[in-house]
Amino acid sequence: MHISRIDLNLFVVLDTIYAEGNITRAAKALSLTQPAVSHALARLRDLLGDPLFIRQGSNMLPTPMTRSLIGPVRQALQTLEVSVKHGNQFDPMVTRRSFNLGLPGVLEARLLPPLMQLLQAQAPLVEINSVRVERRQLESELAAGTLDIAVDVLLQRPGEIRSTPLSRDALVVVARQDHQALQTAAGLDLETYLAQSHILVSSRRTGPGVEDVELARIGRQRHIALRCQHYYAACQVASSSDLLTTMPAHYAQIANVNLANRIYPLPLATPPLDVYLYWHDNAELDPANRWLRGVLSQLFPAQEMTA
């Protein structure tokens, strides 16, 4: 089948039905009538010789053919959209634009306040949607254009995903100010660290932290009394107990401003936590995406890469 026989708008309909899982919601998202969307789907079914979706109640379930097509279709649509926009100049002072920014929770408090302060002065019509993205879905979301940029730790990435380093962080230990075991002149050494009970912060239900992996390398283990999802909650628990929590240094400074906690260097050699900026190759030349990448890079001082 030659591409000239296909109305490319049909693939926009395919993508929207796949995303919404429902004809009515797809019609609303496309600002079309429900019969128009149904007609477009029927045309594409005839062209491709596949039902594409199976109705189950009010939901539309994709067929194996649709699941195999959706990735390339989304990438092609994103490439076309960026190509069309490439000729346009992006003026942040007068252009209205919404960006989906993938951020882990630990980076929101560090990045969003200075970012929004800068945007209020330099890009008053720009909107930011900070979203959490599963790392295994990062590539597909960037390729589909549902995510414009992501900021995260160093990840394995395919050739279509571009990246640049932003900052380097160390791990520190947070404890309440009057923790009896840490009142000696020596402060916090490894033996004292291991003698305490700890809070492990992780979005996963099981599995070790970075510090646990490094402890295992030297044949040591710590006692985890609490596993929770957020560093700020861990800092609050540490402020009212003898539990210690280990966390990135820059966020520790933010999270403990109003808490009676002290911050100690981690008495264990661990790899630095490198933070990277990620975007898809399709967006490399997009003026708006390039502008936002430059803004985000400004928010991380150069000296942080040598921390």
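Quick summary incoming for the structure in this document. (Residues numbered from 1 in each chain as written. Predicted model: local features only at pLDDT ≥ 70, side-chain atom pairs only at ≥ 80, totals over all residues. Heavy atoms only, no water.)

1. Digging into the sheet that holds strand β8 (residues 197–201)
Spatially, the five strands line up as an open sheet ordered β9-β8-β10-β7-β11, and their pairing is mixed. Single-partner strands in this sheet number two, and they are β9 (223–228) and β11 (261–265). Between one strand axis and the next, the sheet turns by 35° as a mean value, whatever way the strands run. Strand direction decides the pairing type here: β8 and strand β10 (residues 244–248), joined by two bridges, are parallel. Paired with H198 across the two strands is L244, which belongs to β10. (Pairing = 2+ DSSP bridges. Helix = DSSP H or I, 4+ residues; strand = E, 2+ residues; numbered from the N terminus. Axes fitted to C-alpha atoms, helices over the stretch in contact; angles between N-to-C directions.)

2. Here we look at the nonpolar core
Ranked by internal contacts, the top residues of the largest apolar core, which has 26 residues, are L115, V151, W291 and L296. Of all the elements in the fold, those that place two or more residues in this core are β3 (97–102), α5 (105–122), β4 (126–131), β5 (149–153), β12 (273–280) and α11 (287–298). Here the element with the most residues in this core is α5; it accounts for six residues. When sequence neighbours within four positions are dropped, the list of residues in contact with L115 reads L101, I128, V295, L296 and L299. Core analysis: the next-biggest nonpolar cluster, separate from the first, contains 18 residues, I17, I23, L47 and V73 among them. (Core = buried A, V, L, I, M, F, W, Y, C linked by side-chain atoms within 4.5 Å. Buried < 20%, exposed > 50% of the residue type's maximum accessible area, 1.4 Å probe, protein only. Contact = heavy atoms within 4.5 Å.)

3. Here we look at unusual backbone geometry
Positioned with a positive phi, S31 is a non-glycine residue whose angle comes to about 60°. Residue L52 is not a glycine yet carries a positive backbone phi of 70°. Assignment of secondary structure puts L52 in the loop between α3 (34–48) and β1 (53–56).

4. Focus on α11
Each α-helix turn comprises 3.6 residues. Residues three or four places apart therefore point the same way. An ideal rise of 1.5 Å per residue puts 16 Å on twelve residues; α11 measures up with 17 Å between its terminal C-alpha atoms. Of all the residues in α11, the buried ones are A288, N289, W291, L292, R293, V295 and L296. Packed against the buried residues of α11 are β3, α5, β4, β5, β6 (161–169) and β12. (Expected span 1.5 Å × (residues − 1).)

5. Re the side chain of D50
With respect to the helices and strands, D50 occurs in the loop between α3 and β1. What D50 contacts, discounting residues up to four positions off in sequence, is R45, T63 and M65.

6. Things to note about the packing of aromatic side chains
As enumerated under the stated definition, the model contains four aromatic pairs in all. Aromatic pair F90 and W291: ring centres 5.2 Å apart, planes at 50°, arrangement tilted. One end of the pair, F90, is in the loop between α4 (64–86) and β3; the other, W291, is in helix α11, and 201 residues separate them in sequence. Classification of F90 by relative accessible area gives buried; the value is 16%. Its relative accessible area of 16% is what places W291 among the buried residues. Between the aromatic rings of F99 and W291, the centroid separation amounts to 6.4 Å while the plane-to-plane angle is 35°, which identifies the pairing as tilted. With F99 in strand β3 and W291 in helix α11, this residue pair connects regions lying 192 residues apart in the sequence. Taken together, F90, F99 and W291 form an aromatic cluster joined through their ring pairs. The residue whose ring lies beneath R293 is W279, and the NZ or CZ to ring-centre distance is 4.3 Å. (Phe/Tyr/Trp six-rings, centres within 6.5 Å; stacked < 30°, edge-to-face > 60°. Lys NZ or Arg CZ within 6 Å of the ring centre and 35° of its normal.)

7. Notes on the environment of I54
Looking at the secondary structure, you find I54 in strand β1. In contact with I54, not counting residues within four places along its chain, are N59, M60, L61 and T63.

8. Some words on the pattern of salt bridges
Following the criterion strictly, the structure yields 17 salt bridges and no others. For D242, the salt bridge goes to R176, with nearest N and O atoms at 2.6 Å. Taken as a pair, D242 in the loop between α9 (231–239) and β10 and R176 in strand β7 (residues 171–176) lie far apart in primary sequence, 66 residues in all. Under the relative-accessibility criterion, D242 is labelled partly exposed at 40%. Through salt bridges with shared partners, a single network forms among R162, D281, E284 and R293. (Salt bridge = Lys/Arg side-chain N within 4 Å of Asp/Glu carboxyl O.)

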